[in-house]
Amino acid sequence: MTTSVIVLAAGKGTRMNSALPKVLQPLGGQPLLAHVLATARALSPQAIHVVAGHGMAAVRAACPGDDLHWIEQAEQRGTGHAVAQALPHVAKGTALILYGDVPLVPPRTLAALRDAAGDGIALLVMQAADPTGYGRILRDAAGRVRGIVEERDATPAERSVREVNTGLMAAPVALLRRYLPQVQPRNAQGEHYLTDVVALAAADGAPVQVVAAQDPDDALGINDRVQLAFAERTLQRRRAEALLRAGVTLADPARLDVRGELLCGRDVFIDVNAVFEGRVVLGDGVRIGPNAVLRNCALGAGVEVLAFSHLDGARVGDRARIGPYARLRPGAELACETHIGNFVEVKQATVGRGSKVNHLSYIGDAEIGERVNVGAGTITCNYDGVHKHRTVIADDAFIGSGSELVAPVTVGEGATVGAGTTLRKDAPAHQLTVGGGRQVSLPHWRRPAPKDRDSG
Ligand code: UD1
Ligand code: CA
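Residues numbered from 1 in each chain as written. Chains lettered and ligands numbered in written order. Predicted model: local features only at pLDDT ≥ 70, side-chain atom pairs only at ≥ 80, totals over all residues. Heavy atoms only, no water.

1. Considering the coordination of the calcium ion (ligand 2)
Inclusion rule: Nitrogen, oxygen and sulfur within 2.8 Å of a metal are treated as its donors, or within 3.2 Å for sodium, potassium and calcium (Na, K, Ca); water is not counted, so a site can appear incomplete. Secondary structure elements are taken from DSSP: a helix is a run of H or I of four residues or more, a strand is a run of E of two residues or more, and numbering for both begins at the N terminus. Relative accessibility under 20% of the residue-type maximum defines a buried residue, over 50% an exposed one, and the middle range a partly exposed one, all with a 1.4 Å probe and only protein chains included.
Protein-derived ligands of the calcium ion (ligand 2) are Asp101 (OD) and Asn223 (OD1), with the metal-ligand distances lying across 2.2 to 2.4 Å. One end of the pair, Asp101, is in the loop between strand 6 (94–99) and helix 4 (107–117); the other, Asn223, is in the loop between strand 11 (208–212) and helix 8 (225–245), and 122 residues separate them in sequence. An identical accessibility class is assigned to Asp101 and Asn223; each is buried.

2. Examining the site of ligand 1
What counts here: Here a residue counts as near a molecule or strand whenever at least one of its heavy atoms sits within 4 Å of it. Where accessible areas are quoted, they stem from the Shrake-Rupley method and a 1.4 Å probe; at the residue level, only the protein chains shown are allowed to cover. Side-chain classes are defined by residue name, with Ala, Val, Leu, Ile, Met, Phe, Trp, Tyr, Cys and Pro counting as nonpolar, Asp, Glu, Lys and Arg as charged, and the others, Gly among them, as polar.
Contacts to ligand 1 come from 25 residues, most closely from Gln73, Gly78, Gly135, Glu150 and Asn165. Taking 750 Å² as the accessible area of ligand 1 by itself, protein coverage stands at 93%. Of all the secondary structure elements, the ones that give two or more residues to the shell around ligand 1 are strand 1 (3–9), helix 3 (79–86) and strand 10 (163–172). Grouping the amino acids of the shell around ligand 1 by side-chain chemistry returns eight nonpolar, twelve polar and five charged.

3. Quick word on the sheet that holds strand 25 (residues 339–342)
For clarity, the cut-off: One requirement defines pairing of two strands: DSSP has to find at least two bridges between them.
Read across the sheet, eleven strands follow the order 12-14-16-19-22-25-27-29-32-35-37 without closing on themselves; strand pairing throughout is parallel. The open sheet has two edge strands with one neighbour each: strand 12 (249–250) and strand 37 (432–433). Sheet analysis places strand 16 (residues 287–288) next to strand 19 (residues 304–305), joined by two bridges and oriented parallel. Within strand 19, the residue paired with Arg287 across the bridge is Glu304.

4. A look at the side chain of Asp312
Keep this limit in mind: Polar contacts, as counted here, are pairs of nitrogen or oxygen atoms within 3.5 Å of one another; within protein the pair requires one atom able to donate a hydrogen and one able to accept it, and residues that are adjacent in sequence qualify only if both atoms are side-chain atoms. Pairs of residues are marked as contacts when any of their non-hydrogen atoms sit within 4.5 Å.
Note that Asp312 resides in strand 20 (residues 310–312). For Asp312, the side chain forms a polar contact with the side chain of Arg295, separated by 2.9 Å. The contact partners of Asp312, leaving out residues within four places of it in the chain, are Arg295, Cys297, Leu328, Arg329 and Pro330.

5. Quick look at a nonpolar patch on the surface
Just so we agree on the cut-off: What goes into a patch is any residue over 30% in relative accessible area without a salt bridge, connected to like charges within 9 Å or, for nonpolar side chains (Val, Leu, Ile, Met, Phe, Trp, Tyr), within 5 Å. By salt bridge we mean one thing: a side-chain nitrogen of Lys or Arg within 4 Å of a carboxyl oxygen of Asp or Glu.
Together, Phe308, Tyr325, Phe343 and Leu360 line one region of the surface with nonpolar side chains, adding up to about 430 Å² of accessible area. In this fold, Phe308 is placed in the loop between strand 19 and strand 20.

6. Re the nonpolar core
For clarity, the cut-off: We define the nonpolar core as a collection of buried residues of types Ala, Val, Leu, Ile, Met, Phe, Trp, Tyr and Cys that are connected through side-chain atoms lying within 4.5 Å of one another.
The biggest cluster of nonpolar side chains holds 79 residues, and the ones touching the most others in it are Ile6, Leu33 and Leu123. Excluding anything up to four places from it in sequence, Ile6 contacts His49, Val51, Val83, Ala86, Leu87, Val90, Ala95, Leu96, Ile97 and Leu98.

7. Here we look at the packing of aromatic side chains
Defined as follows: Ring pairs shown here join Phe, Tyr and Trp side chains whose ring centres sit within 6.5 Å, with only the six-membered ring taken for Trp; geometry is labelled stacked below 30 degrees between planes, edge-to-face above 60, and tilted in between. Charge-over-ring contacts are defined here by two conditions on Lys NZ or Arg CZ: a distance within 6 Å of the ring centre and an angle within 35 degrees of the ring normal.
Evaluated as defined, the whole model comprises two aromatic pairs. A ring pair is formed by Phe308 and Tyr325, whose centres lie 5.1 Å apart and whose planes are at 0°; its orientation type is stacked. On the criterion of sequence distance, the pair formed by Phe308 in the loop between strand 19 and strand 20 and Tyr325 in the loop between strand 22 (321–322) and strand 23 (327–328) is long-range, its members being 17 residues apart. A relative accessible area of 38% places Tyr325 in the partly exposed class. Taking the centre distance of 5.1 Å and the plane angle of 15° together, the rings of Tyr325 and Phe343 count as stacked. One end of the pair, Tyr325, is in the loop between strand 22 and strand 23; the other, Phe343, is in the loop between strand 25 and strand 26 (345–351), and 18 residues separate them in sequence. Every member of this aromatic cluster is reached through a ring pair, and the members are Phe308, Tyr325 and Phe343. Cation over ring: Lys388 sits above Tyr383, and NZ or CZ is 5.4 Å from the ring centre.

Structure, rendered in structure tokens:
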């Protein structure tokens, strides 16, 4: 039996109070809809139809993929109306309907839902501690499901039901084609509710199965920012637990944010409040200090990142030491055993094995050899206001503190640049190059005396 997925993602998300379409609100660093699509793809369905409407161009742009078939629902007249827009495009077989604002359902639960549908409807339900906002499952005296009532349309007795609709449903396409046209917008919102298909089909004797979400948090529906924040913590807790199980030590699993993909070797230690974005790879034994931010980085084995460092697009060799308060920007490539210290910024630069830039420096568009020592306060003056120029520092060079290297400029192998030099021409290998004016001292100079207070 072929399965087609229909994802409903056209709603505005009024309760978010946001300019962003709801399904683009970020969760764990990705739009809500991207989570739903990833889960759909895990089932390898025959097709994935996405019903979009509000902010459709932005939604499409944020969720690319050749495997997606987009359907416009220009006016959002309810979840039933949304599915009706998709139906003409859906092949015979089973339709699995997912909501763009229900992002945490695991693929195995969806597979169970798909398999439970058979000739009838399968609903994913959960027992909610607080059912507020969800549609309630209505059962008859024999316990058979007879319909779903939305909170706004429910009687007080119906509202007390804790068994709620997650919104996710599987059913034969033919069944939806039969009952959806019969759905009427007779409800508090004046919308065509997909959920009304259940009562219509049940009244006709079609089987209605329920599949219960294993963990109520799996089926969280996100309508406002309170629910979004709760879902974010749920996702982060799950990511932290997966890291702990894989052998990573977290100083506090509740104070970690992974907003992308974090791949760790063995015995990695991550201190509190670290934030990981994009794809970050940490080698064996890496230690990440408190309040570090790492985006799209690869760190070799035994690297130590000290507190408050910010690494973006950097590659760092084994046993290097970064920070505290270091900033690595895209194109920073540090070899093994390098040291980048406090208030040092490195951008588009390679730093060779064993080299050190320990204090208050800017290294941009540079190539630094091995065993180089860059003194405190050294600046590569890489930008002339129009173009960027390169600085090359060969192996074993020593740059005295407070130097300015005006690019393009080269420091030769084993060269020494005296402290406070403004280097405008190349510094030859193995020589001492000192710049700046000649130092003078005036022996007879006196500081002006302060005015005598009494003489006023
Ligand atoms: C819906 C269910 C409710 C369930 C809850 C679970 C209905 C009528 N109600 O309520 O039983 O408990 O989800 O989270 O289905 N959408 C469209 N086009 C539309 C309307 C909505 O694409 O015209 C999309 C939205 O973008 C959203 C999803 O469908 O992704 C659900 O719509 P929403 O308005 O959030 O429904 P709920 O009120 O949460
Ligand atoms: Ca919703």
